[in-house]
Amino acid sequence: AVKVNSEKLLCQLRDKVNVTMIQGLDSPFNTSEWHNYLPRKKLSDATGRLGRCAVVSSAGSLKSSHLGPEIDGHDAVLRFNGAPTKGFQQDVGEKTTIRLVNSQLVTVEEHNFLTESLYNTGILIVWDPAPYHAEIHEWYRKLDYNFLETYKKYRSQHPEQLFYILNPKMEWELWDILQENSLEDIQPNPPSSGMLGIIIMMTICDEVNVYEFIPSKRQTDICHYYQKFHDHACTMGAYHPLMFEKNLVKYLNQGTDYNIYAHGKVTLPGFRNLRC
Ligand code: NCC
């Protein structure tokens with residue numbers, strides 16, 4: 001149950017959720033050392049104005065979807081964490097314009113973030129769970145995963161690849177809207193990479209097609225399309241308020257219910273096309 005109409009909700013998202021990347025002016029990143037690591041170009045300048053964009057969830061229901069060509073037909077494609085394309089092109093395509101990764105993936109060594117070639121394509125954005133409405137300073141002192149050393153190393157090794165740090169303000173601005181529009185109390189944890197990625201794309205694209213965030217008829221307990229691991233929580237949520245995110249996205253869908261059923265596809269407008 002969402003409390004306002006979908007046009008209003010879209011306007012709330014546009015006006016209340018600030019999608020920005022950490023910049024050299026943001027204290028405590030305003031040092032000469034950090035100045036060399038953080039990209040100088042704004043994300044929107046780097047990508048240019050994008051028309052149709054795709055967001056590809058990592059859900060197991062992408063398996064056997066044959067959505068690859070349709071996904072690659074977009075101007076830009078956003079993927080998450082360690083989701084591969086090699087070997088899965090038929091179902092998920094091969095274009096990667098932006099990859100949004102969480103700080104755990106960057107930090108925990110078993111993920112091989114520094115050596116896996118998967119990460120060398122496209123623009124990277126990393127995010128880290130921040131304390132509720134924390135200022136950048138407080139977050140910096142209490143990082144959920146201390147990813148900054150690995151970030152610097154990666155930047156030194158791949159200076160030409162754009163690699164942003166998401167301003168953590170966004171997490172809780174978005175969470176507040178999820179909470180305001182829900183009749184139940186939501187767990188006080190930041191939204192999933194999936195939901196953050198959808199909002200990022202809505203700020204830089206005219207139209208965003210999201211695949212298998214809302215599950216199709218292929219819904220499965222298999223967590224990821226690229227692994228054999230089963231866990232119902234991957235789709236329904238445990239730590240992240242995934243159910244609430246999905247209710248909201250379903251509510252905002254401008255496509256048909258058939259597209260959800262058949263392709264797990266939701267169509268959302270870019271923020272710049274709204275009349276608020
Ligand atoms: O699994 P994960 O997410 O990398 O998936 C990316 C996004 O796709 C959507 N998704 C995924 C699986 C599924 N069955 N249904 C879905 O809708 C979600 O929106 C999800 O956000 C994350 O959000 O960053 C997350 O990351 C993983 C893990 O850290 C990374 O894959 C790196 O290994 C988390 N899993 C664990 O920590 C065990 C997951 O909770 C959230």
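Please read these numbers as outputs of a predicted model, since none were measured by experiment.

Student: How would you summarise helix α10 (residues 193-204) if you had to cite specific residues and measurements?
Tutor: In this model, α10 (twelve residues) spans 17 Å end to end at C-alpha, consistent with the 16 Å of a helix rising 1.5 Å per residue. When you tally the buried positions in α10, you get eleven out of twelve residues, the bulk of the element. Those residues of α10 lying buried are S193, G194, M195, L196, G197, I198, I199, I200, M201, M202 and I204.

Student: So, the environment of L62: which residues are in play, and what are the values?
Tutor: Mapped onto the fold, L62 is located in the loop between β1 (50-56) and α4 (68-72). Taking the C-alpha atoms as reference points, L62 and P159, 97 residues apart in sequence, are found 33 Å from one another.

Student: Go over unusual backbone geometry with me, naming the residues and quoting the values.
Tutor: A negative phi holds for most residues other than glycine; trans holds for most peptide bonds. In this model, S27 is joined to P28 through a cis peptide bond whose omega is 0°. Checked against the element boundaries, P28 lands in the loop between α1 (6-16) and α2 (32-37). A positive phi is found at H66, a non-glycine position, where the angle reads about 55°. With respect to the helices, strands and loops of the structure, H66 is situated in the loop between β1 and α4. For H66, a relative accessible area of 53% translates into the label exposed. For H133, which is not glycine, the phi torsion reads 45° and is therefore positive. On the secondary structure map, H133 appears in the loop between β4 (123-127) and α7 (136-141). Given the relative accessible area of 37%, H133 is considered partly exposed.

Student: Which residues make up the packing of aromatic side chains, and what are the values?
Tutor: For the structure shown, the criterion picks out 16 aromatic pairs. Their ring planes at 70° and their centres at 5.5 Å tell us that F88 and Y225 sit as a pair that is edge-to-face. Taken as a pair, F88 in the loop between β2 (76-80) and α5 (89-92) and Y225 in the loop between β6 (205-211) and α11 (233-236) lie far apart in primary sequence, 137 residues in all. By relative accessible area, F88 is classed as partly exposed at 26%. On the basis of relative accessibility, which here comes to 2%, the residue Y225 falls in the buried class. Pairing Y154 with F163 gives two aromatic rings, centres 5.4 Å apart and planes at 85°, and the pair type is edge-to-face. Judged by its relative accessible area of 0%, F163 is buried. One aromatic cluster is present, built from ring pairs that chain together F29, W34, Y37, F113, Y119, W139, Y140, F147, Y151, Y154 and F163.

Student: Tell me what's going on with the pairing of strand β7 (residues 265-269), and back it up with residues and numbers.
Tutor: Among the five residues in β7, five count as buried, and that is most of the element. In β7, alternate side chains face the same way, and those of K265, T267 and P269 on one face and V266 and L268 on the other are all buried. One ladder, built from five bridges, connects β6 with β7; its direction is antiparallel. Bridge pairing in β7 links N209 to T267.

The rules behind each value
- Positions within a chain are numbered from 1, following the residues in the order the chain's sequence is written.
- pLDDT decides what is reported in this predicted model: residues at 70 or higher carry local features, side-chain atom pairs at 80 or more are listed and counted, and totals for whole chains, interfaces and linings draw on all residues regardless.
- Note that the side-chain values use all heavy atoms of the structure and ignore hydrogens as well as water.
- Segments assigned H or I by DSSP are reported as helices when at least four residues long, segments assigned E as strands when at least two residues long, and all are numbered from the N terminus.
- Residue count minus one, scaled by 1.5 Å, sets the expected span of a helix.
- Accessible area is worked out with a 1.4 Å probe on protein chains only. A residue is then buried under 20% of its type maximum, exposed over 50%, and partly exposed in between.
- Two aromatic rings, drawn from Phe, Tyr or Trp (for Trp, its six-membered ring), form a pair once their centres lie within 6.5 Å of each other, and the interplanar angle then sorts them: stacked below 30 degrees, edge-to-face above 60, tilted otherwise.
- Pairing between two strands requires that DSSP report at least two bridges joining them.

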